[in-house]
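Residue-level structure breakdown
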Amino acid sequence: MESLNQLAPYLWRVRGYLIGSSIAALLVAIFWSAGLMLSYPLVKVLLQGQSLQAYLTEETQKAETETAQHQAEAARVQHQLDQLDPNVSSSEKISLLKSLDRAQRQLASSGWRLMFCTWLSKQLSSWLPEQAFPTLVLLLALLAIVTLAKGLTVYLQENLVGIAVESTMVMLRQRMFQHVLRLDHVTLSLLGTPQLMARFTYDLQQLGTGLTLFGGRLIVEPLKILSVLICCFLVNWRLTTLSLIVVPLGALLFGRYGKKIKKASRKQMESMSRIFTQLEETLRSFRTILAFGLERQRRQSFHREQKVAFEKTMKILRMDALSSPTTEILATLGACMALLPGAYMVLRQKSEIFGIQLSEGPLDIAELALLYTLMGGLLDPARKLSAVYPKFKKSSAACDRVFSLLKTHTRLQQDRQWVPLPRHTDKIEFENITYTHPVAEDRNQARPPALDRVSLRIAFGETVAIVGGNGSGKSTLINLLPRLYDPDFGILRIDGIDIRHTQLALLRKQIAVVPQETQLFNRTISENLRYGSWDAPADRVTRLAHDFAVDSFASRFPDGLETSVGERGQRLSGGQRQRIALVRALLRDPAILILDEATSAIDRESETQIYEALAHHKQNRTVLIVTHSLTDTLLKIVDRVVVMDHGQIIAHGEHTQLLKTCPIYRNLFAAQREQAHAA
Ligand SMILES: Nc1ncnc2c1ncn2[C@@H]1O[C@H](COP(=O)(O)OP(=O)(O)OP(=O)(O)O)[C@@H](O)[C@H]1O
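Analysis parameters
Residues numbered from 1 in each chain as written. Predicted model: local features only at pLDDT ≥ 70, side-chain atom pairs only at ≥ 80, totals over all residues. Heavy atoms only, no water. Helix = DSSP H or I, 4+ residues; strand = E, 2+ residues; numbered from the N terminus. Buried < 20%, exposed > 50% of the residue type's maximum accessible area, 1.4 Å probe, protein only. Contact = heavy atoms within 4.5 Å. Near = heavy atom within 4 Å. Polar contact = N/O pair within 3.5 Å; in protein donor to acceptor, adjacent residues only side chain to side chain. Areas by Shrake-Rupley, 256 points an atom, 1.4 Å probe, with all protein chains shown as cover. Nonpolar A, V, L, I, M, F, W, Y, C, P; charged D, E, K, R; others polar. Arc of directions from axis to C-beta. Phe/Tyr/Trp six-rings, centres within 6.5 Å; stacked < 30°, edge-to-face > 60°. Salt bridge = Lys/Arg side-chain N within 4 Å of Asp/Glu carboxyl O. Axes fitted to C-alpha atoms, helices over the stretch in contact; angles between N-to-C directions. Parallel < 35°, antiparallel > 145°, perpendicular 65-115°, else oblique. Left-handed = near helix turned anticlockwise from the far one by under 90°. Pairing = 2+ DSSP bridges. Expected span 1.5 Å × (residues − 1). Bend = angle between axes of the 7 residues up to and from the residue.

**Regarding the environment of Val43**
Structurally, Val43 is set in helix 3 (residues 39-48). Accessibility expressed as a relative area gives 18% for Val43, which makes it buried. As a C-alpha pair, Val43 and Gly216 span 173 residues in sequence and 32 Å in three-dimensional space.

Laid out in structure tokens, this is it:
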């Protein structure tokens, strides 16, 4: 139920369809029990060859006789009470009062029956057939009409539920997508792409199945049960009550069983997520797997995960398979509780067993047959209900997973009262910054900080190269600027404004990042260039495409700039992708341009061309270049080099000065030159 509460706002929006489907479900239940109730007159006609008119007349007479008897009984008890000696014991008086009360209740009930029978006879007598066979035909025709009406309402109900569920799914998917777009980089990385994909696909599908069951079976079947139970009570409430003894036992069993299924389903979905992870990893690293001949290993590990998922699914299936027989046994037990004494009373023409009154008068065969039919009619919805119960529990586990994603908060705090951030014109200040990357699996393990008390000031218009060994913290440092994450300690200011105090959108509008792994969209080269700057003037696009030699490689394709780049830009080389990313970044006219090993896939000659082109486009912005490749052309355009080691800035200054004063820089530079010569 808690899971359903979370869905309430979404279901509220489709309430019209839900109300419509509930009304249709009620009609289905009414037609269902009406169809079953028709068996009574059918049995009467078949077994006793009675016409409906004769049956109604007999029922009216019976009601008349009973009313007269109860009236006489009530009058007799009342008279006894009137004549009662005032000194009589209170227990005797109470016993008489109880008898009077019973007689009056019986009188009221038979009076109602008499009224109803008289009214029905008056209404129907003119057109009801008098012979048994035409009566049978009429009853069968009525049965056909009721069945048709039930079929139509079932169709309507399922359609309305379908619309409500699909609309809810669309809203939920949209909400999840919006939410994911608002999450920060770290949270998304910790959740992982396959996990997210599993929530959007498998979990949502399970939830949809559950909702369809809820709107369909879980409303219709209980209503059917209720309406048939009402009929059972009308036929014989005492025998019906006897049969309900099994209900608490069923509730206990299914309560426990539901909890187990929910737990098992949660585990199964986690296992499915791991399968998604394996699949995503394998497809993403396909080339590495082939190159290293890791197919067998991947196959085995995928198989292992499949086996786990299989076992978990089987566990659910086993529990699932138990539900129907359990219900059937319980329902049969309940029916026997009512039918055994009923059959005994019919055979012996009695209305009580062991002194306990179980019927108004001696039970007749048609009444028992009706009770039997109705209880048989209870079995079908009960079986269906028990079959959907496990699926419903499974979807409630899926619902929890979907909403746990929606409850994930972004780690980036946004002040409600943010300050505006004008275009950067002054300086960027990193002040005493410390940051440690969070990792999901070893949260409790102490990890060294990626940045350790880093302070750096960069003036507007400066071009700064950030260098250092692998893992020294270069990328971590520059990722703080567009707030991919916030520092654990310390402050980062742009033009004196703490970037946490301004709006994220305002901040990111000023920054363009060209990462090492270029992300292109499955569109044309031209669209990828303009991505995020759709209104950039055409001549500017052309000039930048020319300066960064995008047009030269595009012209080699028949469609030129209109060539589709394929999924993640697979139809282009790494270097071509990086050129597109550079143009895309510059088209945004950023005040701060960050290149994070943006030319790593580009050959030396082209890299030189790119830095020469960049020299013309770096005016009026601050440029930060993370690199391992200190070429002469790069050194010509940078004003300063920052050297990082083990999360700290160990030196910064001009290249020639650093060569003299910083041994680590000297070693880095020498190693890099050696590498260049070897290449
Ligand atoms: N997403 C992450 N989760 C956990 N740890 C990370 C993550 N990204 C980086 N680190 C760790 O932070 C430290 C600094 O990494 P960073 O990527 O900033 O180094 P780098 O100087 O850019 O390295 P490289 O030159 O190899 O790209 C490393 O020890 C790395 O293991």
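**So, the environment of Leu635**
Relative to the elements of secondary structure, Leu635 occurs in helix 21 (residues 632-637). Residues Leu635 and Ser533, 102 residues apart in the sequence, show an inter-C-alpha distance of 30 Å. The contact partners of Leu635, leaving out residues within four places of it in the chain, are Leu630, Val641, His655, Tyr665, Phe669 and Arg673.

**What about the site of the ligand?**
Contacts to the ligand come from 14 residues, most closely from Asn470, Gly471, Lys474, Ser475 and Thr476. Taking Gly471, its main chain carries an N or O atom lying 2.9 Å from an oxygen atom of the ligand. In the model, an oxygen atom of the ligand is placed 2.9 Å from a nitrogen or oxygen of the His628 side chain. Here the ligand loses 61% of its free accessible area of 630 Å² to cover by the protein chains. Split by residue class, the shell around the ligand holds two nonpolar, nine polar and three charged.

**Some remarks on helix 17 (residues 538-547)**
The periodicity of an α-helix, 3.6 residues per turn, causes residues three or four places apart in sequence to face the same way. Burial in helix 17 covers these residues: Val541, Leu544 and Ala545. Projection of helix 17 onto a plane perpendicular to its axis shows the buried side chains occupying an angular sector of 100°, all on one side. Opposite the buried face of helix 17, by more than 90 degrees, sit the exposed residues Asp539, Thr542 and His546. Residues of helix 17 that are buried make contact with helix 16 (525-530), helix 18 (550-554), helix 19 (574-587) and helix 20 (604-617). One or two steps after helix 17, the chain reaches Ala549, where phi turns positive at roughly 55°.

**Structural notes on the packing of aromatic side chains**
For the structure shown, the criterion picks out seven aromatic pairs. Measuring from ring centre to ring centre gives 6.3 Å for Phe116 and Trp119, while their planes differ by 25°; the resulting arrangement is stacked. Placement of both Phe116 and Trp119 in helix 5 (residues 90-124) is noted, with a separation of three residues, approximately one turn of the helix. Judged by its relative accessible area of 48%, Trp119 falls in the partly exposed class.

**Some details on the pattern of salt bridges**
Two side chains with opposite charge may pair up if their charged atoms get near one another. By the definition in use, this model includes 18 salt bridges. With a closest N to O distance of 3.9 Å, Arg199 and Asp203 form a salt bridge. On the criterion of helical spacing, the pair formed by Arg199 and Asp203 is a turn pair, its members being four residues apart in helix 8 (residues 193-215). With respect to class, Arg199 is no different from Asp203; both count as buried. With a shortest N-O distance of 3.3 Å, Asp426 and Lys427 are connected by a salt bridge. Assessed through its relative accessible area of 38%, Asp426 is described here as partly exposed.

**So, the packing of helix 10 (residues 246-284) against helix 12 (residues 295-348)**
Pairs of packed helices are described in terms of their axes, by the angle between the two and the distance that separates them. Where helix 10 meets helix 12, the axes come as close as 9 Å, and the angle between the chain directions of the two elements is 165°. Taken together, the axes of helix 10 and helix 12 are roughly antiparallel relative to one another. For helix 10 against helix 12, the interelement crossing comes out left-handed. A per-class count over the contact of helix 10 with helix 12 returns 16 nonpolar, 13 polar and eight charged.

**Structural notes on the packing of helix 10 against helix 13 (residues 365-406)**
At their nearest, the axes of helix 10 and helix 13 sit 8 Å apart, and the two run at 50° to each other. Considering their axes alone, helix 10 and helix 13 lie oblique with respect to each other. The two elements helix 10 and helix 13 meet at a crossing, and its hand is right-handed. Residue-level contacts link Phe254, Gly255, Tyr257, Gly258, Ile261, Lys262, Ser265, Arg266, Gln268, Met269, Glu270 and Ser273 of helix 10 to Ser386, Tyr389, Pro390, Lys393, Lys394, Ser396, Ala397, Ala398, Asp400 and Arg401 of helix 13. Looking at side-chain class alone, the contact of helix 10 with helix 13 contains eight nonpolar, seven polar and seven charged residues.

**Structural notes on the sheet that holds strand 8 (residues 511-514)**
Read from one edge of the open sheet, six strands run 8-9-10-5-11-12, paired in mixed fashion. Edge strands, defined here as strands with exactly one partner in the open sheet, are strand 8 and strand 12 (648-653). Each adjacent strand pair in this sheet contributes to an overall mean axis angle of 20°, direction not counted. Against the sheet, helix 19 makes contact with strand 8 and strand 9 (592-596), and its axis sits at roughly 180° relative to strand 8, the strand it touches most.

**Brief notes about helix 9 (residues 217-243)**
Here helix 9 spans only 23 Å end to end across 27 residues, well under the 39 Å set by a 1.5 Å rise per residue. At Asn236, helix 9 shows its largest kink, close to 125°.

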